Structure formats: C-alpha cells, structure tokens
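# Observations on the model geometry
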Amino acid sequence: MFEHILVPTDLTDRNRRAMEIAIKMALENSCKLTLLHVVETIEDMDTEEFRKFYKALGLRADKKMDELMAQSRRQDMVIEKQVLFGRRVFEILSFADVNGVDLIIMSSHRLDVENASAGWGTISYKVGVMSHCPVLLVK
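Here's what I pulled together on the structure shown here. (Residues numbered from 1 in each chain as written. Predicted model: local features only at pLDDT ≥ 70, side-chain atom pairs only at ≥ 80, totals over all residues. Heavy atoms only, no water.)

Attention shifts here to the packing of aromatic side chains. Scanning all chains against the criterion turns up 2 aromatic pairs. Where Phe50 meets Tyr54, the ring centres are 5.9 Å apart and the plane angle is 35°; that geometry is what we call tilted. Of this pair, Phe50 and Tyr54 both sit in helix 2 (residues 48-72), 4 residues apart, which is roughly one turn of that helix. Assessed through its relative accessible area of 11%, Tyr54 is described here as buried. Ring plane angle 50° and centroid distance 5.7 Å describe the contact between Phe53 and Tyr54, whose orientation is recorded as tilted. (Phe/Tyr/Trp six-rings, centres within 6.5 Å; stacked < 30°, edge-to-face > 60°. Helix = DSSP H or I, 4+ residues; strand = E, 2+ residues; numbered from the N terminus. Buried < 20%, exposed > 50% of the residue type's maximum accessible area, 1.4 Å probe, protein only.)

Here we take up unusual backbone geometry. Residues other than glycine seldom take positive phi values, yet Leu11 does so here, at roughly 70°. Following the sequence through the fold, Leu11 ends up in the loop between strand 1 (4-8) and helix 1 (16-29). For Leu11, a relative accessible area of 11% translates into the label buried.

Bringing helix 2 into the picture now. Taking 1.5 Å per residue as the helical rise, helix 2 with its 25 residues ought to reach 36 Å, and the 36 Å between its terminal C-alpha atoms agrees with that figure. Every buried residue belonging to helix 2 is among Phe50, Tyr54, Gly58, Ala61, Met65, Leu68, Met69 and Ser72, and all of these are buried. Contacts from the buried residues of helix 2 go to helix 1, strand 2 (32-40) and strand 3 (79-86). (Expected span 1.5 Å × (residues − 1). Contact = heavy atoms within 4.5 Å.)

Each regular strand displays side chains that alternate between the two surfaces of the sheet. Counting buried residues along strand 4 (residues 103-107), 5 of its 5 residues qualify, which places the element largely inside the surrounding structure. Of the two faces of strand 4, the one holding Leu103, Ile105 and Ser107 and the one holding Ile104 and Met106 are both buried throughout. Here 2 bridges tie strand 1 to strand 4, and the two strands are oriented parallel to one another. Residue pairing across strands places Ile5 opposite Leu103, the latter belonging to strand 4. (Pairing = 2+ DSSP bridges.)

So, on to the sheet that holds strand 1. Across the sheet, which stays open at both edges, the 5 strands sit in the order 3-2-1-4-5 with parallel pairing between neighbours. With one partner strand each, in any of the chains shown, strand 3 and strand 5 (135-138) form the two edges of the open sheet. The sheet shows a mean angle of 25° between the axes of neighbouring strands, taken without regard to direction. Pairing between strand 1 and strand 2: 5 bridges, direction parallel. (Axes fitted to C-alpha atoms, helices over the stretch in contact; angles between N-to-C directions.)

Let us now look at the nonpolar core. The biggest cluster of nonpolar side chains holds 26 residues, and the ones touching the most others in it are Ile5, Val7, Met19, Leu33, Leu35 and Ile105. Those residues in contact with Leu35, other than ones at most four positions away along the chain, are Val7, Thr9, Met19, Met65, Leu68, Met69, Glu80, Lys81 and Gln82. The next biggest cluster of nonpolar side chains, apart from the first, holds 14 residues, and it includes Phe95, Ala96, Val101 and Val127. (Core = buried A, V, L, I, M, F, W, Y, C linked by side-chain atoms within 4.5 Å.)

In short, the description is geometric, and any link to function would need to be established separately.
Structural data, given as structure tokens:
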C-alpha cells in the first residue's frame, strides 16, 4: 500500500512511538522509511557565524539520528536519514512532495478541549492540513 514513509523528528524521546509505528508499517509494506530532522533557520541571517552554528547543529542532528536508527534498524528494511535547514513545515512538505513520500507519520500532542485553538499553530497540525499525502498523527 505504501512505498515511502516519512518520519519527521525533533530528536526527542516523544517521537519514539511514531518511529515504532513507522517501522512496523514499513516492514508490513516492504517500503522505504526516511527519518527527517529540520534545523529551523532564521531568515536573512546568513553570516559566517550563523553558517558555523547551523553546521554544528546539523552534525549534532546527524549523530543523534544515527543513534535513533541504530536502536531501530532491522536487516529486512531500509531506513534513510535526512537533515535539512529552513522552515520546518515547508521543508517537511517539500521533502515529501519531491521524494515521493506517500505517508507521513509524526508525533502530535493532545489538544485541550477547553482551548483547542491553541494547537492549531503546531507543526503537526500544519503538516496534517497542508500535506499532499496521508498523515498519521501519533499521540
């Protein structure tokens, strides 16, 4: 059913459940799985100092993703990783579109029923609404 599953991650433990579900679905569908981290950048701040800072963040993210993949790797599946720089929602959606992703699985949080509108600005909500493919939000 699915050929390429994308798991955006902020590299924290709260993404573990989304990763577990993605691995199970990837194994069941014999599909490719990509782990994606986006380093949020500040627009119009392209100085040498910021480039060094972003490079360090990218290297740290790459190392952390290697650790996550080592914990989850199975011989019978392909897990790839990608670190991008930019605006998180835009980069997630662009990556999904350009790379033929047909399912995005990401962590979300429970909304407060009394203040539901507070959750409308989250990355998971924006990706869920604007994605060209199905999005599974894991709580």
